[in-house]
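In case you want the letters, here they are:
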Amino acid sequence: MEYIDFVNRICACFGLSLLIGFERQWGRHAIGLQTNVLVSLGAFLFASFSTLIQTDGDVTRIAAQVVSGIGFLGAGVIIKDGGNIRGLNTAATLWCNAAIGVLCAGGLLIEATTGCIAILFSNIFLRTITNKLSKSRKINQEYLFKIKCEDDKELRVRNIISKATKNVNLTLENIETKTIENGMVKIYATLSSDMKFVSVIDRIMTNIMNEPGIESVGWKKIEKDHDLNLNDN
């Protein structure tokens, strides 16, 4: 490889990875402009080594190792947050960005440019489509209320819950009472909605707690097929 070719290719690699990194930085993702550019340049330099030393061996061997190395780097940005997995798109973008560097190192600048456009399209336009599809899909949430109160307050608690569901998109799926010792009862109420009503539920809980004779209140989000466990203390 002539030096002028090396310069042209590394400039193309820098420019293409800069576009990808700018999109990541603009979207305020964890891995932004600098890291994306460095990953692509690193892949370019490793892949260029095979051609620069003009060996008769397989020039794709180093490129294959780049793929494995970026895999480990991408795994470092994947985070498990409760039941959600974060960072998968960022890791995939780093992996694709490394491929841009490898293509540039091989002198395949048109192919690298095409790949860059495809990556940007995926990160910008497909994300928009994904978000719209996610919003159009109804989220079926269920909430389990647990109220411990005096037995003569049971009817009052049931009325509060029943009235609270009339003006909002909440459905009272089930309500049951379990008698315990010392004139106390536990009320279990299951409400469902296709929207998130955490603030409304907190307000219902506050209204119940302000009633006399209420010992404890609580709620939690449950799965749709959750079985009501009346043995829960």
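Up top is the structure.
What counts, and at which threshold
- Residues numbered from 1 in each chain as written.
- Predicted model: local features only at pLDDT ≥ 70, side-chain atom pairs only at ≥ 80, totals over all residues.
- Heavy atoms only, no water.
- Phe/Tyr/Trp six-rings, centres within 6.5 Å; stacked < 30°, edge-to-face > 60°.
- Helix = DSSP H or I, 4+ residues; strand = E, 2+ residues; numbered from the N terminus.
- Buried < 20%, exposed > 50% of the residue type's maximum accessible area, 1.4 Å probe, protein only.
- Core = buried A, V, L, I, M, F, W, Y, C linked by side-chain atoms within 4.5 Å.
- Contact = heavy atoms within 4.5 Å.
- Pairing = 2+ DSSP bridges.
- Axes fitted to C-alpha atoms, helices over the stretch in contact; angles between N-to-C directions.

Peer 1: Whenever I open this one, the packing of aromatic side chains confuses me. Can you help?
Peer 2: Here a ring pair, both rings aromatic, is described through the centre-centre distance and the interplanar angle of the planes. If you walk through the whole model with that rule in mind, you get 5 aromatic pairs. With 5.6 Å between their ring centres and 50° between their planes, F6 and F44 make a pair best called tilted. Taken together, the residues F6 in helix α1 (residues 3–26) and F44 in helix α2 (residues 33–52) connect sequence positions 38 residues apart. One exposure class covers both F6 and F44, and it is buried. Each residue in the set Y3, F6 and F44 is aromatic and connected to the rest through ring pairs, giving one cluster.

Peer 1: Which parts of the structure should I look at to understand the nonpolar core?
Peer 2: The tendency in soluble globular proteins is for nonpolar side chains to be buried side by side. Counting 18 residues, the largest nonpolar core has F145, I147, C149, V157, I161, I204 and I208 as the members making the most contacts within it. Mapped onto this core, the elements with two or more residues apiece are β3 (141–150), α6 (154–164), β5 (184–193) and α7 (198–209). With 5 residues, α7 is the largest single contributor of residues to this core. Ignoring sequence-local partners within four residues, the contact set of V157 consists of I147, C149, I187, I208 and I214. If you look at the next biggest cluster of nonpolar residues, it comprises 15 residues, including C13, I20, L41 and F44.

Peer 1: Looking at this structure, I do not really get the sheet that holds strand β4 (residues 171–179). What am I missing?
Peer 2: For sheets, the rule is that strands pair by backbone hydrogen bonds, running either parallel or antiparallel. Overall, antiparallel pairing links the 4 strands, which are arranged β4-β5-β3-β6 in an open sheet. Edge positions in the open sheet fall to β4 and β6 (214–222), since each of these has one partner strand only. Taken pair by pair, the neighbouring strands of this sheet meet at an average axis angle of 15°, ignoring direction. Sheet analysis places β3 next to β6, joined by 8 bridges and oriented antiparallel. The residue bridging F145 from the neighbouring strand is W219, located in β6.

That's the geometry; what it means functionally is another story.
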